[in-house]
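# Coordinate inspection notes
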Amino acid sequence: RIEYLIREHNTRPEKILAITFTNKAAEEMQERINTEIGEPHGSSVKACTFHAFCVKVLRKHALKIGLSENFTIFDQELQDEILTESVRELSLNADDYPPWLLRNIISDAKCKLQNPVDAVDETDIYDAETIENIRSVLQIYQQKLDAYDALDFDDLQLKTVELLGVAEVKEAYHQEISYILVDEFHDVNRVQYHLLQQLCAAPAHNLMVVADEDQSIYS
């Protein structure tokens, strides 16, 4: 389809966004585009992961939502360190609040466009005291991220959705991107779905997705 858009419709390569989930898939996609279309046009196509696209958007426009353009990205290892520190500061038993559990709570909430602290409630499997402790840990965690001028991986997408809520930023990307193609669409979560909605709000609605509902393991 990318080849068709460029050769048959004279679409400028830089106005095409091809998005997927893993770095490996994005690299393979870019290699195939380069092979089919040739250089320099092939590398002008925006072929990337959701997270990589979000980083580019945030680096360019972060100030519009009160972020620094030089924010740090905390990977899973750093995230776990900060969560462990937060548990320690509250003198809680680290075995009762392992970082993987807290990380999953944070990720699940942010992928649903929710505040992790607010998302933890008594309908969960925890008792009231445990829920209150988790909330306190998550509050400290977020304060530490803010102090370090840092975002975790889920923040990258969440903040980009927030940023595309700014009219001038959204309009800039409607002008910049004419066609959007999404691979493995069955794996999109709620925040990614909202991100695509914002990018596709231009009159043309030029979105194509490839999906297999039988592989929709996250539904």
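Description of the structure in this document. No experiment lies behind these values; they were computed from the predicted model shown. (Residues numbered from 1 in each chain as written. Predicted model: local features only at pLDDT ≥ 70, side-chain atom pairs only at ≥ 80, totals over all residues. Heavy atoms only, no water.)

Where helix H6 (residues 99-111) contacts helix H8 (residues 128-147), the axes come no closer than 11 Å and their chain directions differ by 75°. Relative to H8, the element H6 is oriented roughly perpendicular. Two secondary-structure elements touch here, H6 through Leu102, Ile105, Ile106 and Lys110 and H8 through Ile134, Val137, Leu138, Tyr141 and Gln142. Among the residues making up the contact of H6 with H8, the classes are represented as seven nonpolar, one polar and one charged. (Axes fitted to C-alpha atoms, helices over the stretch in contact; angles between N-to-C directions. Helix = DSSP H or I, 4+ residues; strand = E, 2+ residues; numbered from the N terminus. Parallel < 35°, antiparallel > 145°, perpendicular 65-115°, else oblique. Contact = heavy atoms within 4.5 Å. Nonpolar A, V, L, I, M, F, W, Y, C, P; charged D, E, K, R; others polar.)

Here the distance between the centres and the angle between the planes together describe a pair of aromatic rings. Applying the stated criterion to the full structure yields three aromatic pairs. When the ring of Phe21 is compared with that of Phe50, the centres are 5.2 Å apart and the planes differ by 50°; the resulting orientation is tilted. Here Phe21, found in the loop between strand S1 (16-20) and helix H2 (23-37), pairs with Phe50, found in helix H4 (residues 50-61); they are 29 residues apart in sequence, far enough to count as distant. Looking at Phe50, the relative accessible area reads 1%, which means it is buried. Centre to centre, the rings of Phe53 and Tyr173 are 6.1 Å apart; their planes meet at 75°, and the pair counts as edge-to-face. Taken together, the residues Phe53 in helix H4 and Tyr173 in helix H10 (residues 167-176) connect sequence positions 120 residues apart. Accessibility assignment for this pair places Phe53 and Tyr173 in one class, buried. (Phe/Tyr/Trp six-rings, centres within 6.5 Å; stacked < 30°, edge-to-face > 60°. Buried < 20%, exposed > 50% of the residue type's maximum accessible area, 1.4 Å probe, protein only.)

Moving on to the pattern of salt bridges. Counted by the stated rule, this structure contains 11 salt bridges. Linking Asp80 and Arg103 is a salt bridge whose minimum nitrogen-to-oxygen distance equals 2.8 Å. Of this pair, Asp80 sits in helix H5 (residues 76-89) while Arg103 sits in helix H6, and the two are 23 residues apart along the sequence. For Arg103, a relative accessible area of 15% gives the class buried. The partner of Lys110 in a salt bridge is Asp155, and the shortest N-O contact between them spans 2.8 Å. A residue pair is termed long-range when its members are at least 10 positions apart, and Lys110 in helix H6 and Asp155 in helix H9 (residues 153-163) qualify at 45 residues. Residue classification places Lys110 among the buried positions, given a relative accessible area of 2%. (Salt bridge = Lys/Arg side-chain N within 4 Å of Asp/Glu carboxyl O.)

Further remarks concern the packing of H4 against H9. The relative placement of two packed helices is expressed as an angle between their axes plus a distance between the axes. Taken N-terminus to C-terminus, the directions of H4 and H9 make an angle of 55°; their axes are 9 Å apart at the nearest point. Taken together, the axes of H4 and H9 are oblique relative to one another. Crossing angle aside, the handedness with which H4 passes H9 is left-handed. Mapping the contact onto sequence places Phe50, His51, Cys54, Val55, Val57, Leu58 and His61 in H4 and Phe153, Leu156, Gln157, Lys159, Thr160 and Leu163 in H9. (Left-handed = near helix turned anticlockwise from the far one by under 90°.)

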